[in-house]
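In case you want the letters, here they are:
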Amino acid sequence: MASAMYTYVYYMHYSEDTSVIKLMVAAIWLFDTLHVSFMCYTLYYYLITNYGDLLSLEYVVWSFPLFVITMVQLYVILIFWLMLILNVASFFAYKIYYLCRRKVRWMVTAPIVGTLTCDGKGVVR
């Protein structure tokens, strides 16, 4: 599982991060592991155990609703993470704007604000 490897590498290289970030990484790893496990069991149930049995499609295996719930929880955590990143980047842009001389303020902060709203190709997200 790639997420387990990334989590291990994160904890080995970024041990000085705050407890909140470490907890968020652990939560993402936990929900991703559960999500993959439930998805694998659902696929195994329908594609291996009940292969060719069309009546099994009328029954929802127990892991499918949990698969959907863990997927939603992962999206909620990622949205929170993106909001945090946006707030930090906005604060950074504000501080640079505030510290720059009046004549070059917008020339310095406009690229920073542009990277907050565009994906590098000029497409607003």
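Residues numbered from 1 in each chain as written. Predicted model: local features only at pLDDT ≥ 70, side-chain atom pairs only at ≥ 80, totals over all residues. Heavy atoms only, no water.

**Student:** Whenever I open this one, the overall build of the chain confuses me. Can you help?
**Tutor:** Within the chain one finds 4 helices and 0 strands. The buried share of the chain, reckoned over its 125 residues, is 20%. A separation threshold of at least 6 residues defines the contact pool for the chain, and within that pool the share at least 24 residues apart is 43%. Of the roughly 9,900 Å² that the chain leaves accessible, carbon and sulfur atoms contribute 73%. (Helix = DSSP H or I, 4+ residues; strand = E, 2+ residues; numbered from the N terminus. Buried < 20%, exposed > 50% of the residue type's maximum accessible area, 1.4 Å probe, protein only. Contact = heavy atoms within 4.5 Å. Areas by Shrake-Rupley, 256 points an atom, 1.4 Å probe, with all protein chains shown as cover.)

**Student:** When you look at the confidence of the model for the chain in this model, what are you seeing that I'm missing?
**Tutor:** Parts of the prediction with low pLDDT should not have their coordinates interpreted in detail. Here the chain averages 77 in pLDDT, and 85% of its residues register 70 or above. A low-confidence stretch, residues 120–125 (pLDDT under 50), is modelled with 6 contacts involving residues beyond four sequence positions or located in other chains. (pLDDT = per-residue confidence, 0-100.)

**Student:** I would appreciate a short explanation of the packing of aromatic side chains in the present structure.
**Tutor:** Centre-to-centre distance and the angle between the planes together describe a pair of aromatic rings. Tallied over the full model, the rule gives 6 aromatic pairs. Ring centres 5.7 Å apart and planes at 25° place the aromatic pair Tyr10 and Tyr14 in the stacked group. By relative accessible area, which is 13% here, Tyr10 ends up buried. An angle of 35° between the planes, with centres 5.2 Å apart, marks the rings of Tyr41 and Trp62 as tilted. Of this pair, Tyr41 sits in helix H2 (residues 19–49) while Trp62 sits in the loop between H2 and helix H3 (63–99), placing them 21 residues apart in sequence. What makes Trp62 partly exposed here is its relative accessible area of 48%. An aromatic cluster of at least three residues, connected via ring pairs, comprises Tyr10, Tyr11 and Tyr14. (Phe/Tyr/Trp six-rings, centres within 6.5 Å; stacked < 30°, edge-to-face > 60°.)

**Student:** Which parts of the structure should I look at to understand a nonpolar patch on the surface?
**Tutor:** Nonpolar side chains collect at one region of the surface, where Met5, Tyr6, Tyr8, Val9 and Met12 lie side by side and expose about 580 Å² of accessible area between them. Mapped onto the elements of the fold, Met12 is located in helix H1 (residues 2–13). (Patch = residues over 30% accessible without salt bridge, like charges linked within 9 Å, V, L, I, M, F, W, Y side chains within 5 Å. Salt bridge = Lys/Arg side-chain N within 4 Å of Asp/Glu carboxyl O.)

**Student:** Would you mind showing me how to read H2 here?
**Tutor:** One turn of the α-helix equals 3.6 residues, which is why residues spaced by three or four share an orientation. Look at H2: 43 Å from first C-alpha to last across 31 residues, which is about the 45 Å you get at 1.5 Å a residue. For H2, the complete set of buried residues consists of Met24, Val25, Phe31, Thr33, His35, Phe38, Thr42 and Tyr45. (Expected span 1.5 Å × (residues − 1).)

**Student:** Help me understand the side chain of Thr42 in this model?
**Tutor:** Along the polypeptide, Thr42 turns up in helix H2. Thr42 sits in the buried class, given a relative accessible area of 7%. A distance of 2.7 Å separates polar atoms of two side chains, one belonging to Thr42 and the other to Ser63. Ignoring anything within four residues of it in the chain, the contact list for Thr42 reads Val61, Ser63 and Phe64. (Polar contact = N/O pair within 3.5 Å; in protein donor to acceptor, adjacent residues only side chain to side chain.)

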